[in-house]
Amino acid sequence: MREFLANPQGRHEVEFRFRHKDGGYRRIYTQADLLLDKAGRPAHMLGCHIDITERARAEATLLDAKEFAENLIRTANVIFVRLDHSGNVMQMNEVAERITGYRQAEILGKNWFETLAPKRRYPYVWDEFEQIIASGNVPDVFENPILTRNGEERQIIWKNNTVSEGGKVIGTISFGMDITERKQAEDERKKFVMLADSSGEFIGMCDLDLQPLYVNPAGVRMVGLPDREAACRVKVQDYFFPEDQAFIQDEFFPRVLREGQGTVEIRLRHFQTGEPIWMSYYLFHVRDASGAVIGWATVSHDITERRRAEAALRESEEMFATAFRSSPTGIVLVTLSGQYVQANPMFSSMLGYAPEEIIGQTSVSLGLTTAAERERMLSEFERSRKPLEMKLRCRDGNFLDVLFTSAVITLHGVPHRLGTLINITERKQAETALIESERRYRALFENMSSGFVLYEVIQDDQDVPVDLLILAGNAIFEQATGLKIQEVIGKPLTHVLPGIEKDSADWIGTFGRVALTGEAQQFEQESQKLETYYAVTAYRAGPKLCAVTFIDITKRKRAEIQLRRMNRFYTALSETNQMIVRVSDVETLLQRTCEIAAEHIGFRLAWIGMPDGDWFRVMAAAGAATEYLDSIRISPKADVPEGGGPSGRVFRSGQHDVCNDFLHEHRTRLWADQAARFGIQASAVFPLRKAGAIIGVLNVYADEADAFREQEIHLLDEMATDISFALDFLQQREDLQANIEALRRIRDELELRVQERTAQLEQAKNRAEAADRVKSAFLATMSHELRTPLNSIIGFTGLLLQRLTGPLSEDQAKQLTIVKHAGQHLLSLINDVLDISKIEAGELRIDIESVDLPRLLQRTADKFRVEATMQGLEFALDVEPGIGMVNSNERRLEQVLNNFIANALKFTDRGEIRLICHREGENVRIEVRDTGIGIAGDDLAKLFKPFSQLDVRPARVAKGTGLGLAISRRIVEALGGEIGVTSTLGAGSCFYCILPTHGKPS
């Protein structure tokens, strides 16, 4: 109040306490103004009071909490670090200063990671922090190293919290603990466990109650338990045999407890087989940090083999005397001077002397050898140290063939010679017979018509065949494999042919089973490594031996594969044509076409696309890889990368495109990665036409490279042509239906005005419909009911003539040739009728393209030269230099040339046929001149008319429909050129066409 009175001007604010009625105190916030009287003296006070007791308590609590937190951060033995959103240090405590070596004042405002986790050394720490900031998701706990000021690396485990403002992360608060020593201890423990786990000794630990705590893998394997858990469930005493358990539990372990360590040789039992395992069992006790004994540990090693060797030594000493007496080999002990000291019964029996007659004698005194022979024998044996074949004279005077070996031994300090003699008389006789037999069989072996190889099976520790050792092979084996048998004998097959173990034929496993089971195998199989098919017979030739005879059947198998493949194509073509006759709408036509290609031919994917703006739209698809179409885009345009592939090129050029290596060719690289995912290796694309214009493309994809060959491409071309014809047919039917509807509307309109004309219009309509139906039916029948079986006849006859299905006699080949030529002739006639029908209907459409004219003329000349030669005619080609590319249509131009030359061959019996090409201004003139019978002047007017044939002799030449030249005239005129003929009766004819080099269709 005194402050108010001392400063009466302005508003005063004050906080104070006052006692409440309930005896407690309340905290009051007051704003007050003094009111003055006229004399300027304070007269009243106007104030506003607010109870802020709760706020004051909250502020006090917050102040206490803040002070507590600051004291906790300052005094707790944990690292405290507060960073902003960029990782700059805003605050850290004394523990952080002590561990990092940096004072807060030094590092404040600096980037924590640049200072303590340099990016060049800990890039992954930076990556984690940047991901945390970007996502806003800070992991509760994670570990990372820091580099202290003195260059020491410390491992820290962090507990993290984000600091947010307005929903945005503005920094982090982290509490950390230094776990460097704990990590080092863990690493040391891991090193111990790793050392124990990798040791070949038995290492184990148990507590004072003999309960195992740890057994290393080697120990687990030694006693035949499945795993470490099983090893720790067994009491220590149960590792030993019952008769040894009392010693272990009551004597050995207490002694080790007293003395600290001990070693004993004792048996462990194998838990699966029950077999004993002799161990040098070293045991020592384990103490805790206070020195108290808390258990035992053992490091033991297997001495089973040593114990067995010791037992075997004792047994061998006992057995030697028995073996000496009962050995089927003659054994004799001789002094170095040659006197016999001891001889076994077999030695006496072989030579016909009693033992007492031999002792004290020498081989010379007994007459077994002469002194010179004995010295030569010993000298030769000392030089070679190999068993020596020799002859000894027996008591009865006969000679005995023996195999002699000798070794010097010390007996009672005196050197003696221990000799052994094996009777090889019968073996020598057998060897002589064997040499002769081997000579005979070696000649038979080397002259076998089939390949032969002998293998020995190599097995792993589980007796599984893992390789084949080559023991023998004949000349056919060398020819079939390209291996020199003398260079590979004694070598494993996998060394001679690396990668053969991965061959799908599994030669090692198959021949291994034959050798081990004795079950013979006879089969046909392809070797991927050698790219060859074999007919194989494998049989057991002895223990672990497999003899194999084989014949190369690659040509036959590949012919069978090609035959089956062509069958699929012909079946698909037949199915397509049958389907075309049945379907009544475009959607079904396209979808069934794709399904037939996928199901009958086995394509990975077949689809039909049509342009929709800048991209192809999939109109139909079938096959296992249809999802491939969801991952790609293809354009018909040439100015975008997606239009540079096969589909775009075919749509623009009208010519089919085959890509037999889809994954590596330049034009398909844009789609190669996706194609590989879906198993696509090769593709072929064919144009689809309607009314002569290209409207889409048929795409087929195969799952193997080089899948498309000339025959397959021809059949697929035929399929695309048939589909195009069907599209035309369906369009004609739609147009006909539209015309019918239009006629009906016209009829309805005219019916009211001209009743008398109705009957006439109806009759005209009916005639038009009938004529169109007859024409459409005729074309459909000619295309699908005649061409399809003819293609099959020609195709299968060709396969028979190639002898892919077996050999043919000369008469059979001759008759099949006649069938093939007749089929081709009939197909040519049908094609001519279809062509003239299209021409008469005004449906002939010709696409202009770039044509390599010299190449086309050369190909045509090559095609007919053989036939001309067979008729005794010369065939010449004369092309003016400088003629190159022209704008025309290659297929139609070739059709015209074929007609010209075919007619020349028909009417020429001797002389020559000459194909000539030269320039005439902006045009090219192509002529076919012959020295045949010529044409009379009156008959020239009949040429180039449909179904027109000249009455000429001999009658053999008047074959065909008379449509060839009529079609040729229409084609040449459509190409913007002109056609003509000059002829002299009896002197020959000249058929020619003049074409523009930059042609446009008329």
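As the structure is a prediction and not an experimental result, all values here were calculated from the model.

Definitions and limits used
Residues numbered from 1 in each chain as written. Predicted model: local features only at pLDDT ≥ 70, side-chain atom pairs only at ≥ 80, totals over all residues. Heavy atoms only, no water. Pairing = 2+ DSSP bridges. Helix = DSSP H or I, 4+ residues; strand = E, 2+ residues; numbered from the N terminus. Axes fitted to C-alpha atoms, helices over the stretch in contact; angles between N-to-C directions. Contact = heavy atoms within 4.5 Å. Buried < 20%, exposed > 50% of the residue type's maximum accessible area, 1.4 Å probe, protein only. Salt bridge = Lys/Arg side-chain N within 4 Å of Asp/Glu carboxyl O.

Considering the sheet that holds strand S30 (residues 874-879)
In step 1: Here 5 strands make up an open sheet; going across it, the order is S30-S32-S33-S35-S34 and the pairing mixed. Lying at the two open borders of the sheet, with one neighbouring strand each, are S30 and strand S34 (978-984). With strand direction ignored, the average angle separating the axes of adjacent strands in the sheet is 15 degrees.
In step 2: Pairing of strand S33 (residues 923-930) with strand S35 (residues 988-996) involves 7 bridges; the strand directions are antiparallel. Paired with arginine 925 across the strands is isoleucine 994, a residue of S35.
In step 3: Contacting S30, strand S32 (912-920) and S33, helix H27 (residues 853-870) runs over the sheet at an angle of about 170 degrees to S30.

A few points about unusual backbone geometry
In step 1: Of note, the phi angle at alanine 691 is positive, near 55 degrees, even though the residue is not glycine.
In step 2: Turning to its location among the elements, alanine 691 is positioned in the loop between strand S27 (682-690) and strand S28 (693-702).
In step 3: Residue alanine 691 is classed as partly exposed on the basis of its relative accessible area of 46%.
In step 4: A positive phi angle is found at aspartate 706, which is not glycine, with a value near 55 degrees.
In step 5: Residue placement: aspartate 706 occurs in the loop between S28 and helix H24 (710-753).

Things to note about the sheet that holds strand S12 (residues 276-287)
In step 1: In space, the 5 strands of this open sheet follow the order S10-S9-S13-S12-S11, with antiparallel pairing throughout. Of all strands in the sheet, those bounded by a partner on one side alone are strand S10 (212-215) and strand S11 (261-269). Each strand axis lies, on average, 25 degrees off the axis of its neighbour in the sheet, ignoring direction.
In step 2: Direction of pairing for strand S9 (residues 202-207) relative to S10: antiparallel, over a ladder of 3 bridges. Note on S10: the bridge partner recorded for methionine 205 is tyrosine 214.
In step 3: Sheet strands in contact with helix H10 (residues 242-259) are S9, S11, S12 and strand S13 (293-302), and its direction is about 160 degrees off that of S11.

Looking at the pattern of salt bridges
In step 1: Inspection of every chain in the model, using the stated rule, returns 33 salt bridges.
In step 2: A salt bridge links glutamate 243 to arginine 267; the nearest nitrogen and oxygen atoms lie 2.8 Å apart. Here the residue glutamate 243 occupies a position in helix H10, and arginine 267 occupies one in strand S11, the gap between them amounting to 24 residues.
In step 3: Salt bridges sharing partners connect three or more residues here, namely Arg855, Arg859, Lys863, Glu890 and Glu894.

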